[in-house]
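Per-entry structural report
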Amino acid sequence: MARLNPQQRVVLRDYERRWLALRDRQCAQEAVDESGALGDMGYSRCILVEVASRREWVENYRP
């Protein structure tokens, strides 16, 4: 964020907000597809995978 101008920050913020909503829906669906403790583990695994992937994306983000 520090290297972005104010308009670019708004764009990135909006991207991130949309990604969070998508991540939450996707991971919640994975938890529903599994049952009980497996669903909880599936949700946690999904969050970890998605966050790791998004971190790489953000580190390489170029407006």
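None of the values given here were measured: they were computed from a predicted structure.

Looking now at helix α1 (residues 6-33). With 28 residues, α1 should reach 40 Å at 1.5 Å per residue; the first-to-last C-alpha distance of 41 Å fits that figure. Every buried residue of α1 is accounted for by L12, W19, R23 and C27. The backbone nitrogen of Q7 has a side-chain oxygen 3.0 Å away, supplied by the residue at the start of α1, namely N5.

The next thing to look at is the packing of aromatic side chains. Within this structure, the stated rule accounts for three aromatic pairs. With centroids separated by 6.2 Å and ring planes inclined at 80°, the aromatic side chains of Y15 and Y61 adopt a geometry described as edge-to-face. Within this pair, whereas Y15 is found in helix α1, its partner Y61 is found in the segment after α2 (36-59), the two being separated by 46 residues in sequence. Taking the relative accessible area as the measure of exposure, Y15 reaches 34% and is therefore partly exposed. With 5.1 Å between their ring centres and 45° between their planes, W57 and Y61 make a pair best called tilted. In this structure Y61 comes out as buried when scored by relative accessible area, which is 9%. Every member of this aromatic cluster is reached through a ring pair, and the members are Y15, W57 and Y61. Above the ring of W57, the side-chain terminus of R54 is found at 3.9 Å from the ring centroid.

Here we come to the side chain of R54. With respect to the helices and strands, the residue R54 is situated in helix α2. One polar contact links R54 to E16, side chain to side chain, over a distance of 2.8 Å.

So, how was this worked out
Residues numbered from 1 in each chain as written. Predicted model: local features only at pLDDT ≥ 70, side-chain atom pairs only at ≥ 80, totals over all residues. Heavy atoms only, no water. Helix = DSSP H or I, 4+ residues; strand = E, 2+ residues; numbered from the N terminus. Expected span 1.5 Å × (residues − 1). Buried < 20%, exposed > 50% of the residue type's maximum accessible area, 1.4 Å probe, protein only. Polar contact = N/O pair within 3.5 Å; in protein donor to acceptor, adjacent residues only side chain to side chain. Phe/Tyr/Trp six-rings, centres within 6.5 Å; stacked < 30°, edge-to-face > 60°. Lys NZ or Arg CZ within 6 Å of the ring centre and 35° of its normal.

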